[in-house]
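Descriptive structure summary
Residue-level listing of the chains:
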Amino acid sequence: MLQSLRITGIRLQVIISLCLYLGQIISGYSGGWSGPCLPKLRDLDQSPLPYLLTEAQLSLVATFIYLGAIAGPFIITWLSNTRGRKPCLIVSGVISLLAYVFMGISVNLAMLYVSRFLLGVAGGAINVINLVYIGEIASPKIRGILLTVICIFTTLGLMLVFAVGPYVSYHGTVYVGVAISIVYIFCLFFIPETPIFYALQGRDDDLKKVLQDLGRLEEVDKMLKIKNDLNETNTKKEWVELFSLKSNRKALFIVVTINVLQHCSGVLAVMFFSASIFEMAGSSIESNIAMIIIICFQILGSIITPFFIESTGRRRILLMSTAICSFSMFTLGLYFYLDRIESSVVNNIKWLPLVILIVFYIGYDSGFGNIPNAIIGEMFTTSVRSKGSTITLTTTYLCGFMVTTAFGALLEIVGGHAAFWFFSFTCACAFLFTVFFIPETKGKTLLQIQEDL
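**Re the nonpolar core**
Ranked by size, the top nonpolar core spans 140 residues in total, and within it Val 61, Phe 368 and Phe 420 carry the most contacts. Per element, the largest residue contribution to this core is 14 residues, and it comes from helix H5 (residues 109-137). The residues touching Phe 420, leaving out its near neighbours within four places in the chain, are Val 270, Ile 277, Met 329, Leu 332, Gly 333, Phe 336 and Phe 407.

**Things to note about unusual backbone geometry**
For Glu 342, which is not glycine, the phi dihedral falls at a positive 60°. Secondary-structure assignment places Glu 342 in the loop between helix H16 (314-340) and helix H17 (352-368).

**A short note on the packing of aromatic side chains**
A complete count under the given rule lists 18 aromatic pairs for this structure. With 4.7 Å between their ring centres and 15° between their planes, Phe 64 and Tyr 113 make a pair best called stacked. In this pair, Phe 64 sits in helix H3 (residues 55-76) while Tyr 113 sits in helix H5, placing the two residues 49 residues apart along the sequence. Classification of Tyr 113 as buried rests on a relative accessible area of 15%. Consider the rings of Phe 197 and Tyr 198, whose centres lie 6.1 Å apart with planes at 50°: the pair is tilted. The same class applies to Phe 197 and to Tyr 198, which are both buried. Grouping aromatic residues by their ring pairs yields a cluster made of Tyr 335, Phe 336, Phe 420, Phe 422 and Phe 423.

**Some points on the confidence of the model for the chain**
Across the chain, pLDDT averages 84, with 92% of residues at or above 70. Of all secondary-structure elements in the chain, the lowest mean pLDDT belongs to helix H10 (residues 220-232), at 67, while helix H7 (residues 170-188) reaches the highest, 96.

**A closer look at the side chain of Ser 17**
Position of Ser 17 relative to the elements: it lies in helix H1 (residues 9-32). Here Ser 17 falls in the buried class, since its relative accessible area comes to 0%. When near neighbours in sequence (up to four residues on either side) are disregarded, Ser 17 contacts Ile 134, Ile 137 and Leu 146.

**Quick notes on helix H20 (residues 416-437)**
Across its 22 residues, H20 extends 31 Å between first and last C-alpha, which sits within 8% of the 32 Å expected from 1.5 Å per residue. Of the positions making up H20, those classed as buried are Gly 416, His 417, Ala 419, Phe 420, Phe 423, Ser 424, Thr 426, Cys 427, Ala 430, Phe 433 and Thr 434.

**Considering H7**
In a regular helix each residue adds 1.5 Å, so 19 residues correspond to 27 Å; H7 covers 28 Å between its end C-alpha atoms and thus fits that length. Taken together, the buried positions of H7 are occupied by Tyr 170, Gly 172, Thr 173, Val 174, Gly 177, Val 178, Ile 180, Ser 181, Tyr 184, Ile 185, Cys 187 and Leu 188. Where H7 is buried, its residues meet H1, helix H2 (34-41), helix H4 (85-104), H5 and helix H6 (140-164).

**Let's talk about the side chain of Thr 434**
Within the secondary structure, Thr 434 is located in helix H20. Taking relative accessible area as the criterion, Thr 434 reaches 0% and is therefore assigned buried. Polar contacts involving the side chain of Thr 434 include one to the main-chain carbonyl oxygen of Ala 430, which spans 2.8 Å.

**Focus: the pattern of salt bridges**
Within this structure, the stated rule accounts for three salt bridges. For Arg 203, the salt bridge identified is with Asp 206, shortest N-O distance 3.0 Å.

Scoring rules and cut-offs
Residues numbered from 1 in each chain as written. Predicted model: local features only at pLDDT ≥ 70, side-chain atom pairs only at ≥ 80, totals over all residues. Heavy atoms only, no water. Core = buried A, V, L, I, M, F, W, Y, C linked by side-chain atoms within 4.5 Å. Buried < 20%, exposed > 50% of the residue type's maximum accessible area, 1.4 Å probe, protein only. Helix = DSSP H or I, 4+ residues; strand = E, 2+ residues; numbered from the N terminus. Contact = heavy atoms within 4.5 Å. Phe/Tyr/Trp six-rings, centres within 6.5 Å; stacked < 30°, edge-to-face > 60°. pLDDT = per-residue confidence, 0-100. Expected span 1.5 Å × (residues − 1). Polar contact = N/O pair within 3.5 Å; in protein donor to acceptor, adjacent residues only side chain to side chain. Salt bridge = Lys/Arg side-chain N within 4 Å of Asp/Glu carboxyl O.

In structure tokens form, the structure reads like this:
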């Protein structure tokens, strides 16, 4: 255990979070895998399969991870309140490891589908439990920082696959995924269980011990109150409580809506179909190089937010982020419209799509890409936090699957301008939703947030 090394307080919270962030690297690596690896599947000399796949089959290989992510939280996290958050994370890591091993030995399309589905199961569960876990161990003054840093490590996973994938074999990309999964599982054995889980189980001694190690011993009385409240309502089924309490219903409406809008912003569609977008735009920059440049700026956007989130607040950052995303997607749509009508202006601005996407991803990762996830870990009552997170992320993954799967067809049938203007409209809706519905949660305890709702 990390506590045996006498690491306590804020430092322990940070070290535990770093262990969890390895899971986000796996999630980002798995999500971005299709970018550099689909071209390998189009080449018999590089593909592990003895035959070529159709474009429709390749699209499903890319997006099957979404279907797994929809199922993952329900398969894994139902155990989180009875067995603990930590065991669920370990199981998720093992599933990720098995998925990459299965991907490495794939010799047909069905095996690829299964491995991508399993990666989605692992990634979906990791994303949900990380939000719950960090929300429960973090002190109010750094909770927002630790939750938003999640996005940085997801982006690092994306950068890793685009930096490595184009330059190694298909199996080389698999070996990297296997290595990260092994390190992640190893680190998880050294983290503690969350104080909220101990409160749910009535394990008072363990609760006090972990709060002392986390530097939050002054919250013992509050945690015991949570336990007493849970004992009074333990005859209610948790799913009923999710919808019967006004605060939970309002929290569910807020987090589901903003996360659906986030996944419909086009961020993953652009990532999956980066090669097609730059080809249509007539860019002279090779698509993998362009994506590495973009991801570098993504990391910059992700790094900015943790420095300002506790002073500026969630709402203000989210408003600026969604406004930038909407404007950049509108501009990109205008570029493709001018290209569609064969305007001579386009010949002088071939560099514009790359610049616009850099602006979009800086804006996205500075707020829209991480704050909706952060508020998932802040708004639900203790007993339903994992279930509220599960419903939220599975709903958004379903929307993301549909949007990403349809994006390739939209590019060919309707044109890039219509697709990007749809994304612009979605980001504008997120801006307005933030104005009217999302509360500010900076500096508040989880109990205070519930009282405000």
